[in-house]
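In case you want the letters, here they are:
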Amino acid sequence: MKKLEVLPRTPLANLPTPIQPLPRLGSELGIELWVKRDDLTGLAFGGNKTRKLELLVADAQANGADTLVTTGAIQSNHCRQTAAAAARAGLKCDLVLVGEPPETPQGNLLLDHLLGADIHWTDKAGQGMKYDQVMAELGRAGGNPYAIPYGGSNPLGVAAYALAMKELLDQDPAFDAIMLASSSGGTQAGLILGAEGHGFNGRILGISIEPVEEELIGIIRQLLTDTVDQFELDLKPENLAIEVSDDYLGAGYAVMGQLEKRAIERFAATEGVLLDPVYTGRAAGGMLDLVEKGAIKPGQRVLFWHTGGPPALFAYNSQFSSAGR
Ligand SMILES: *Cc1c(COP(=O)(O)O)cnc(C)c1O
């Protein structure tokens, strides 16, 4: 793990992020509940991608890049944080977003515009081709674009979360379980690697936001292998346990249902913590269900790793009714 600690980082995040108890929600659930506030990393409303970007931007700068290029959904928190990281580092940013430009940009898309990103629209089927085309055009125009993968999930992104795991264990090593929203897999892969490197034995349960269980486990397994290879870590990636639940995919990616909505409202009103409609609302909804089903034992110490995302709430405002308030 020492090899990861010495990787160059461009400072973008306010670290360490706090861990906080959620005493009222915890007592309702009969567990000792805590939250790791990676929504407070601080880069243009923060989130988990900021940690990954500290390493990715340092690598871009070491390679003489002038532009960060990445891709995601219309309300991508990753794209918003990449645009902010580029602006902080004096780089340009090109984003390939899936969808169609709305008349009035909301939430993360509004912030992408304010942060000065150049936006290229595509449909899902054409996403990879559009991305390659944007990269090629920037190169032809004499630029030096730096490709950041979907979700910032490559060995550098994984390394960032192995370091985050150490940060948590220095704050409090005694959790029975960590729960988080898992999607492109880099965050969970990093936590698993950090847990192995620093001797954390609790569960690390990823609530899948999009891929089905076998697919997400495969993605995380590959990220672990690539990261161990790239940094020549003294670990056997095939021995690492990966725990994922795909029980909460609901009506699909970025579709907010009752599960997400209730979790958002409950966290906000009970503890003053804002979740988001796509990721943390779904993960917290899953966590509440698992506790209620008894899959998490009463009295256990559980950490909810808050990965950010609340700016997307403003793009979903019409789905929250004020009736009865
Ligand atoms: C990207 C994102 C995740 C998922 O992290 P991965 O590393 O892609 O698995 C979770 N929560 C939020 C708010 C995100 O933006």
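In case you missed it, the structure is sitting above this.
A short tour of the structure in this document, coming up. (Residues numbered from 1 in each chain as written. Predicted model: local features only at pLDDT ≥ 70, side-chain atom pairs only at ≥ 80, totals over all residues. Heavy atoms only, no water.)

**A look at the overall build of the protein**
Secondary structure assignment for the protein yields 11 helices and 10 strands. Whereas a compact globule of 325 residues would reach a radius of gyration of roughly 20 Å, the protein reaches 19 Å, a difference of no more than 12%. Principal-axis analysis of the C-alpha atoms gives the protein an extent of 60 × 55 × 35 Å. Relative to its 325 residues, the protein shows a buried fraction of 56%. Considering only residue pairs separated by 6 or more positions, the protein has 77% of its internal contacts joining residues 24 or more positions apart. Surface accessibility of the protein: about 13,500 Å² in total, with carbon and sulfur atoms responsible for 52%. (Helix = DSSP H or I, 4+ residues; strand = E, 2+ residues; numbered from the N terminus. Rg over C-alpha atoms; globule rule 2.2 N^0.38 Å. Buried < 20%, exposed > 50% of the residue type's maximum accessible area, 1.4 Å probe, protein only. Contact = heavy atoms within 4.5 Å. Areas by Shrake-Rupley, 256 points an atom, 1.4 Å probe, with all protein chains shown as cover.)

**Remarks on the sheet that holds strand β6 (residues 145-147)**
Reading across from one edge, β5-β4-β3-β6 is the order of the 4 strands in this open sheet, with parallel pairing throughout. Looking at the sheet topology across the chains shown, the edges are occupied by β5 (118-122) and β6. Each adjacent strand pair in this sheet contributes to an overall mean axis angle of 25°, direction not counted. Sheet topology note: the strand β4 (residues 92-98)/β5 ladder contains 5 bridges and is parallel. Bridge pairing in β5 places L95 opposite I119. (Pairing = 2+ DSSP bridges. Axes fitted to C-alpha atoms, helices over the stretch in contact; angles between N-to-C directions.)

**Notes on the site of the ligand**
Taken together, 16 residues form the shell around the ligand, and within it K49, K52, S184, T187 and T307 come nearest. Contacts to the ligand include T187, whose side-chain N or O atom sits 2.7 Å from an oxygen atom. Measuring from a nitrogen atom of the ligand, one finds a side-chain N or O atom of T307 at 2.6 Å. A total of 380 Å² of accessible area belongs to the ligand in isolation, and the protein chains cover 97% of it. In a pocket analysis with a 2 Å cut-off to the grid points, the ligand is assigned to the largest cavity. Those elements that place two or more of their residues in the shell around the ligand are α3 (49-62), β7 (177-182) and α8 (186-198). Grouping the constituent residues of the shell around the ligand by class yields 2 nonpolar, 12 polar and 2 charged. (Near = heavy atom within 4 Å. Polar contact = N/O pair within 3.5 Å; in protein donor to acceptor, adjacent residues only side chain to side chain. 1 Å grid on protein atoms, 1.4 Å probe; cavity = no way out; pocket = protein on both sides within 12 Å on 5 of 7 lines; lining within 4 Å. Sits in = over half its atoms within 2 Å of the grid points. Nonpolar A, V, L, I, M, F, W, Y, C, P; charged D, E, K, R; others polar.)

**A few points about empty space enclosed by the protein**
Sizing a probe to match a water molecule and rolling it over the atoms shows the empty space that remains. Summed over all chains, the structure comprises 1 cavity of 30 Å³ or more. In this structure, the largest cavity occupies an estimated 260 Å³ of space. Residue lining of the largest cavity: 25 residues in total, with N48, K49, S183, S184 and Y279 positioned closest to the centre. For the lining of the largest cavity, the secondary structure elements donating two or more residues are α3, β3 (67-73), α4 (77-89), β7 and α8. Of the residues that constitute the lining of the largest cavity, the class distribution is 5 nonpolar, 18 polar and 2 charged. (Points joined across faces, edges and corners; volume = space filled by probe spheres on them.)

**What to know about the pairing of strand β2 (residues 32-37)**
For β2, a buried count of 5 out of 6 residues is recorded, marking the element as mostly surrounded by other parts of the structure. Examined bridge by bridge, strand β1 (residues 19-21) and β2 share 3 bridges and lie antiparallel to one another. Counterpart to P21 in the pairing with β2 is W34. In this structure, β2 lies alongside strand β10 (residues 301-306), joined through 6 bridges in parallel fashion.

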